[in-house]
Amino acid sequence: MASDLFILGINAFHADAAACIMRDGALVAAAEEERFSRIKHWAGFPAQAIGYCLNEAKIDLGDVTHVAVNRSARANFLRKLAHIASYRPSPHLLLKRLRNRNQIAGIADELGALPGRPFSGAIDYVEHHLAHLASAFFPSPFREAAVVSVDGFGDFASAAWGCGSGTALLLDGRVLFPHSLGIFYQAMTQYLGFPHYGDEYKLMGLAAYGNPSCRQDVEQLVALNDDGSFALDLKFFRHHREDIAYEWPGGEPVCGSLFSQALVDALGPPRSSDSPIEDRHRNLAFATQAVYEDAFFHLLNTLQRRYGHSAVALAGGCAYNSVANGKIKDRTAFRECYLQSAAGDAGGAIGAAYAVWHRNGARAPHMTHAFWGPSFTDTELSALLMARRAAIEAEGCSMRHIDDEHELVAMTARAVADGLVVGWFQGRMEWGPRALGNRSILGDPRRADMKNILNLKIKRRESFRPFAPSILREAVVDWFTRDDDVPFMLQVLPIRPERRGQIPAVTHVDGTGRLQTVDRASNPRYYALIEAFYGLTGVPMVLNTSFNENEPVVCRPEEALDCFLRTKMDVLVLGPYMVRREAAVCNS
Ligand SMILES: [Fe+2]
């Protein structure tokens, strides 16, 4: 144990607080705090995620050599001072910023409050965007690549880029506060009546229903610079001159309104969250996505010409814009693209750890899967089902232990093919926001009514938001117009026009799908399930949505069982156990 070098990576006092543990450059465990606290996007100190990571590595804090944090108070410090001098923010705002700075500086105290032997190593503060770049490049398969980070803000910057080569990563340029593509997209998301942190997905889904008629109106918000960067027309925004709330009372981040009266004057009244969505809103969503893509590809194309690499690795909150990511090969000269599963701020935890490791260490292994979270033994699953037997039977459910994996997979595939909604809980929890076959709810992609069934039974989400397919890797070429690896569901690709009618539940209104490609090595049981479904139906994919109901994705089996019992899900597969509502009879 003494010769091992353990790095504990942390994203703290920021949305999507998270932790990871790395042993001699290899990731051992990683998880977001929200999965333990059960509060979406939980910000603050990730004490439970740290506890889980240490437990998974079978160490305590006394064994940790470095704690790596994805924030640095020193980063871009002179530019911060220059901003304060020019904009003269209110004393209240300055105090708030100082408080956050003190929280980051107080990480040693937070660590000191954790149980076990005390931490006696070094704390390394890594600039926010350097951590993002590291989280994208070091786990990628590329020896050399352009590396790009785009998000809201972190350490006074909103974007950064550079080159990765082997164990070296050069941060070559930044876009500094107050200009930010993330803020642009978030402000438009708020304007269109989606006020919650992380609601940008909704705008992205809505954009497919619009047309370009509002494009010029939105184009005036973002200017493209000759050096590849971008600038906001600040008169449409408030964040640079007013005290915008960004707090996490009770853990969930809350962000105040980012757009100014000038935007309302230019675009008309903002939509309130409970009013109907009209064509104007759809068209503004379309325009927002189009303007984002123009700025994103302007940056990528400039960097591709500057560096000459054929590969790009991406991170930052905007790297969750899977629609834009899916167009990289069409709109740039990059031929390969990599995003790890937690491309946003949670990923800063592994980015900070990678940055510290690669100062002296050998290149980390390529991250090919997202299964870095907690798992539970069959004995634990069995004990839970026994303890909750009365509640399960009261719901009219049967329970069965299925020893033979082949039979388990065949029965589950049959249930999906019969149109049942299946909760699928297996192995280690996913790292990052997407459920990728271990904490998933599955459905039949062939059924046009499956979206409504899911929304009625469990999800109750906006009807315009699409569901996604998990597809056998070998079958991608037959169903999509491009044959790409998309293991983490972070790219949207066009579905072949002749196939769209066969899989209506996972075909978005514009003919695209946010696919997850599944290979046998990364998740053999999930692969076998989709293969069995393929055998039954001739369709090599299942509908996959996250296992949750207006809450963070389930982590523990208790949460999966509770979600199953309180919703109208038909079947729950918990490891080798199948719980089934009696009304949910299969045809087999
Ligand atoms: Fe970030």
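Calculation criteria
- Residues numbered from 1 in each chain as written.
- Predicted model: local features only at pLDDT ≥ 70, side-chain atom pairs only at ≥ 80, totals over all residues.
- Heavy atoms only, no water.
- Donors = N, O, S within 2.8 Å, 3.2 Å for Na, K, Ca; no water.
- Tetrahedral: all angles 85-135°; square planar, octahedral: opposite > 155°, others 65-115°.
- Helix = DSSP H or I, 4+ residues; strand = E, 2+ residues; numbered from the N terminus.
- Buried < 20%, exposed > 50% of the residue type's maximum accessible area, 1.4 Å probe, protein only.
- Pairing = 2+ DSSP bridges.
- Core = buried A, V, L, I, M, F, W, Y, C linked by side-chain atoms within 4.5 Å.
- Contact = heavy atoms within 4.5 Å.
- Salt bridge = Lys/Arg side-chain N within 4 Å of Asp/Glu carboxyl O.
- Polar contact = N/O pair within 3.5 Å; in protein donor to acceptor, adjacent residues only side chain to side chain.
- Phe/Tyr/Trp six-rings, centres within 6.5 Å; stacked < 30°, edge-to-face > 60°.
- Lys NZ or Arg CZ within 6 Å of the ring centre and 35° of its normal.
- Axes fitted to C-alpha atoms, helices over the stretch in contact; angles between N-to-C directions.

Undergrad: Looking at this structure, I do not really get the coordination of the iron ion. What am I missing?
TA: Expected angles at a metal are 109.5 degrees for tetrahedral coordination by four donors and either 90 or 180 degrees for octahedral coordination by six donors. Taken together, His128 (NE2), His132 (NE2), Asp151 (OD) and Asp345 (OD) make up the full set of protein donors to the iron ion, lying 1.9 to 2.2 Å away. Around the iron ion sit four donor atoms, and with donor-metal-donor angles ranging over 92 to 152° the site reads as irregular. Sequence spacing of the donors to the iron ion: H-x3-H-x18-D-x193-D. Here aspartate 151, found in strand S6 (residues 144–154), pairs with aspartate 345, found in the loop between strand S14 (336–338) and helix H14 (348–357); they are 194 residues apart in sequence, far enough to count as distant. Like aspartate 345, aspartate 151 is buried.

Undergrad: For this particular structure, what's the right way to read the pairing of strand S16 (residues 422–425)?
TA: Where a strand is regular, its side chains alternate between the two sheet faces. Neither face of S16 is open: one carries Val422 and Trp424, the other Gly423 and Phe425, and all of them are buried. Of the strand pairs in this sheet, S16 and strand S17 (residues 439–443) are connected by four bridges, and their pairing is antiparallel. Bridge pairing links tryptophan 424 to serine 440 in S17.

Undergrad: Would you mind showing me how to read the nonpolar core here?
TA: Most often, soluble globular proteins have nonpolar side chains that are buried together. Within the largest apolar cluster, 106 residues are counted, with the highest numbers of intra-cluster contacts made by Phe184 and Leu314. With 12 residues, the top contributor of residues to this core is helix H11 (residues 279–307). Setting aside residues no more than four positions away along its own chain, leucine 314 makes contact with Ala136, Val148, Phe296, Leu300, Ala319, Asn325, Ile328, Cys337, Tyr338, Leu339 and Ala343. If you look at the next biggest cluster of nonpolar residues, it comprises 63 residues, including Ala413, Phe425, Leu565 and Val571.

Undergrad: Explain the pattern of salt bridges here, please?
TA: Any two side chains of opposite charge can pair if their charged atoms end up close together. Across all of its chains, the model carries 41 salt bridges by this definition. For arginine 400, the salt bridge identified is with glutamate 407, shortest N-O distance 2.8 Å. Classification of glutamate 407 by relative accessible area gives partly exposed; the value is 31%. One network of salt bridges, with partners in common, ties together Arg38, Glu549, Glu551, Arg556, Glu559 and Arg566.

Undergrad: What exactly am I supposed to notice about the environment of phenylalanine 177 here?
TA: Relative to the elements of secondary structure, phenylalanine 177 occurs in the loop between strand S8 (168–176) and helix H7 (181–191). Judged by relative accessible area, phenylalanine 177 falls into the buried class, the value being 13%.

Undergrad: Sorry if this is basic, but what is going on with the side chain of serine 135 here?
TA: Structurally, serine 135 can be placed in helix H6 (residues 128–137). Given the relative accessible area of 0%, serine 135 is considered buried. Only 2.7 Å separates the side chain of serine 135 from the backbone oxygen of histidine 132, close enough to count as a polar contact. The contact partners of serine 135, leaving out residues within four places of it in the chain, are Ala315, Gln340, Gly347, Ile350, Gly351 and Tyr354.

Undergrad: What exactly am I supposed to notice about helix H18 (residues 450–459) here?
TA: Because an α-helix completes one turn every 3.6 residues, residues spaced three or four positions apart along the sequence face the same direction. The element H18 is largely enclosed, with a buried count of seven among its 10 residues. Lining the buried residues of H18 we find S17 and strand S22 (541–546). Remark: arginine 460 follows H18 within two positions and exhibits a positive phi of approximately 50°.

Undergrad: Teacher, can you tell me more about the packing of aromatic side chains here?
TA: Aromatic rings in a pair are described by how distant their centres are and how their planes are angled relative to each other. Per the stated rule, a full pass over the model turns up 12 aromatic pairs. Members of the aromatic cluster, joined through ring pairs, are Tyr185, Tyr292, Phe296 and Phe297. Across the ring face of phenylalanine 194, the terminal group of arginine 271 is positioned such that the distance to the ring centre comes to 5.2 Å. Here arginine 499 stacks its cationic end above the ring of tryptophan 479, 3.9 Å away from the centre of that ring.

Undergrad: Would you mind showing me how to read the sheet that holds strand S1 (residues 6–11) here?
TA: The strands making up a sheet are joined through hydrogen bonds of the backbone, oriented either antiparallel or parallel. Spatially, the five strands line up as an open sheet ordered S3-S2-S1-S4-S5, and their pairing is mixed. For this open sheet the edge positions go to strand S3 (26–32) and strand S5 (122–125), each flanked by a neighbour on one side alone. Going across the sheet, the axis of each strand differs from the next one's by a mean of 20°, ignoring polarity. With respect to the sheet, helix H2 (residues 47–56) is in contact with S1, strand S2 (18–23) and S3, its orientation differing from that of S3 by roughly 150°. Here H14 sits on the sheet and contacts S1, S2, S3, strand S4 (66–69) and S5; the angle it forms with S2, its principal contact strand, is near 30°.

Undergrad: Sorry, what's going on with the sheet that holds strand S24 (residues 577–581) here?
TA: Taken in spatial order, the eight strands make up an open sheet running S15-S24-S23-S16-S17-S22-S18-S21, and their pairing is mixed. The strands lining the two open edges of the sheet, one partner per strand, are strand S15 (397–401) and strand S21 (516–518). The mean inter-strand angle of the sheet, taken between neighbouring strand axes irrespective of direction, is 25°. Examined bridge by bridge, S15 and S24 share five bridges and lie antiparallel to one another. Bridge pairing in S24 places cysteine 397 opposite arginine 581.

Undergrad: Looking at this structure, I do not really get unusual backbone geometry. What am I missing?
TA: For residues other than glycine, phi is negative in most cases, and the peptide bonds are mostly trans. The step from phenylalanine 177 to proline 178 runs through a cis peptide bond, and the omega angle for that step is 10°. Among the structural elements, proline 178 can be located in the loop between S8 and H7. Phi at lysine 58 takes a positive value of approximately 60°, unusual for a residue other than glycine. For phenylalanine 156, which is not glycine, the phi dihedral falls at a positive 70°. The class of phenylalanine 156 is buried, set by a relative accessible area of 14%.

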